[in-house]
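Analysis of the macromolecular model
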Amino acid sequence: AAMGGFGGCLDDRLVRDVLGRQPIYSEADAADPTADGVWAFAPRDLDDPVVVPPGSVRTVDGDETVLTFPDPPAADSDAAMAAVIDALTGALGVDGTEKTATDGTENNATDDVAIAFSGGIDSTLVASGFPDAPLYVVGFEGCHDIAAAREAAAAIDRADDLTVIELTHDDLIDAVPRVAAAIGRTNPMDVTIALPLLAVAERAAADGYDRLALGQGADELFGGYSKVVEPADDHRVEGDTVRGAVRETIETLPGQLERDVCGLSAAGVEPVTPFLQDRVVDAALRLPGELLATPEARKVALRRFARETVGLPEAVAGADKKAVQYGTYVSRELDRLARQNGYKRRMDDHVGQYIRELCDTSA
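So, here is what we can say about the structure in this document. Once a new chain begins, its residue numbering starts again from 1 and follows that chain's sequence as written. Per-residue local features are limited, in this predicted model, to residues with pLDDT of at least 70; the limit for side-chain atom pairs, both in listing and counting, is 80 or more; totals at the level of whole chains, interfaces and linings are taken over all residues. Neither water nor hydrogens contribute to the side-chain values; these are computed over all heavy atoms in the structure.

Take the sheet that holds strand β3 (residues 25-27) next. The 3 strands are arranged β4-β3-β5 in an open sheet whose pairing can be described as antiparallel. The sheet is open, and its two edges are formed by β4 (39-40) and β5 (49-51), each paired on a single side. With 2 bridges connecting them, β3 and β4 associate as antiparallel partners. Looking at the pairing, Ser26 lines up with Trp39 of β4. Any two strands between which DSSP finds at least two bridges are classified as paired. Strands are runs of DSSP state E lasting at least 2 residues, helices are runs of H or I lasting at least 4, and numbering of each runs from the N terminus.

Structure below.
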């Protein structure tokens, strides 16, 4: 892409790359959105922020779409798999090659990197590229993600690298207003997804790490969602082919990145996202359906890479993961707190109402 992963102010224009990897905002009523003080990388820094759409340029004349997401045809299976192996090997640096950052710059320094580690295939692949980086997992006692992270860390002989951050109800009450302010959203889905990530980022920052490596984008790019398996029979997607359904999930990434990058920024860390490098995205877009998802397996190509190229144990390479808000129990426990505070499930948006109460109370 012409802009790569760039987002910022350039030549009297605000620009954001087509995947939306760096969100950028300006004041809604600004006569000149590029003037000092009326644009920012985080919504919390403006009074009435409006995000620049992905692939767009914002000037005094308004927004103009200058990049559209590519839609290449599927390559044959062997060529597509070879491209994925080449792209992931370089992005992750798993064979000793130089890792590169999302913007294409060298990214070899690892002493300031921590890893958000849920024990699934995505975060374990990221961990394989940073063998000396600490691993952090967050959740409530007894949750899926903590158990999976412990098992995966032991399976790759890195149990001693794992830090477990156990959440309590008090932690949720304290974190919700900060998360909502950081991401500029109060709906339960976004808050419960962003909260575990913010908790890990804050702990990593407190421990002296400036960057947090994530498995972000792997599910979207490589067919990790159940709704893409048989899309013609699934009401959650419009496409009737696996490739079409996967493309729909990829197109949700800019909105997710807006949420997650803002959350990490508020915690004082920068994201490291190997799966979102241009070369990985390009290779993933060319995968045929049978290397994305089948009724028997999802993320087919990624799992092959994990098994055959990286050598991850089958317990990790073949494991499914839960969405972070469920795997950490954050969604369940926030629902429990809402009900304990009088917001019953029969009420409309009962968890959202509770979130907004917490935000108002903390203001």
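With that settled, the discussion passes to helix α9 (residues 278-285). All of the buried residues along α9 are Val280, Val281, Ala283, Ala284 and Leu285. Throughout, a contact is declared for two residues whenever any of their heavy atoms are within 4.5 Å. Residues of α9 that are buried sit in contact with α1 (77-92), α6 (218-222) and α7 (242-250). Exposed residues in this analysis have more than 50% of their type's maximum accessible area, buried residues have under 20%, and partly exposed residues fall in between, with area computed by a 1.4 Å probe over protein chains only.

Let's shift gears to the pattern of salt bridges. Salt bridge criterion: a side-chain nitrogen from Lys or Arg within 4 Å of a carboxyl oxygen from Asp or Glu. Applying the stated criterion across every chain, the model contains 26 salt bridges. For Arg21, the salt bridge identified is with Asp17, shortest N-O distance 3.1 Å. Arg21 gets classed as buried once you look at its relative accessible area, which sits at 9%. The residue Arg332 makes a salt bridge to Glu333 at a minimum N-O spacing of 2.7 Å. Residue classification places Arg332 among the partly exposed residues on the basis of a relative accessible area of 43%. On the accessibility criterion, Glu333 (5% relative accessible area) is buried. A single salt-bridge network, built from bridges that share partners, covers Arg185, Asp190, Glu258, Arg259 and Asp260.

Its location among the elements puts Ile183 in helix α4 (residues 169-183). Assessed through its relative accessible area of 3%, Ile183 is described here as buried. Excluding residues within four positions of it along the chain, Ile183 makes contact with Pro43, Asp190, Val191, Ala194, Arg259, Cys262 and Gly263.

Time to look at the sheet that holds strand β2 (residues 14-16). As summarised here, the arrangement of the 4 strands in space is β1-β2-β6-β7, forming an open sheet in which the pairing is antiparallel. For this open sheet the edge positions go to β1 (7-9) and β7 (62-65), each flanked by a neighbour on one side alone. Taking each pair of neighbouring strands and ignoring which way they run, the sheet shows an average axis angle of 15 degrees. Pairing geometry for β2 and strand β6 (residues 56-59), over 2 bridges, is antiparallel. For Val15, the partnering residue across the bridge sits in β6 and is Val57. For helices, the axis comes from a line fit to the C-alpha atoms of the stretch in contact; other axes are also lines fit to C-alpha atoms, and the angle between any two N-to-C directions lies between 0 and 180 degrees.

Residues in a regular strand point their side chains to alternate faces of the sheet. Relative to β7, β6 runs antiparallel, the two sharing 4 bridges. Looking at the pairing, Val57 lines up with Glu64 of β7. The turn linking β6 back onto β7 is made up of 2 residues.

Moving on, we come to the pairing of strand β8 (residues 113-116). Judged by which residues are buried, β8 turns out to be covered on both faces: Val113 and Ile115 on one side and Ala114 and Ala116 on the other are all buried. One ladder, built from 2 bridges, connects β8 with strand β9 (residues 135-139); its direction is parallel. Considered in β9, the bridge of Ile115 is made with Leu135. We call a crossover right-handed when, viewed with the strands running away from us, the connection from the first strand over the helix to the second turns clockwise. Handedness of the β8-helix α2 (residues 121-129)-β9 crossover: right-handed.

Negative phi characterises most residues that are not glycine, and trans characterises most peptide bonds. Its identity is not glycine, yet Lys299 carries a phi of approximately 50 degrees, on the positive side. Judged by relative accessible area, Lys299 falls into the buried class, the value being 4%.

What follows covers the side chain of Arg303. Inspection of the secondary structure puts Arg303 in helix α10 (residues 300-310). Aside from chain neighbours lying at most four places away, what touches Arg303 is Ile121, Arg298, Ala317, Gly318, Ala319 and Asp320.

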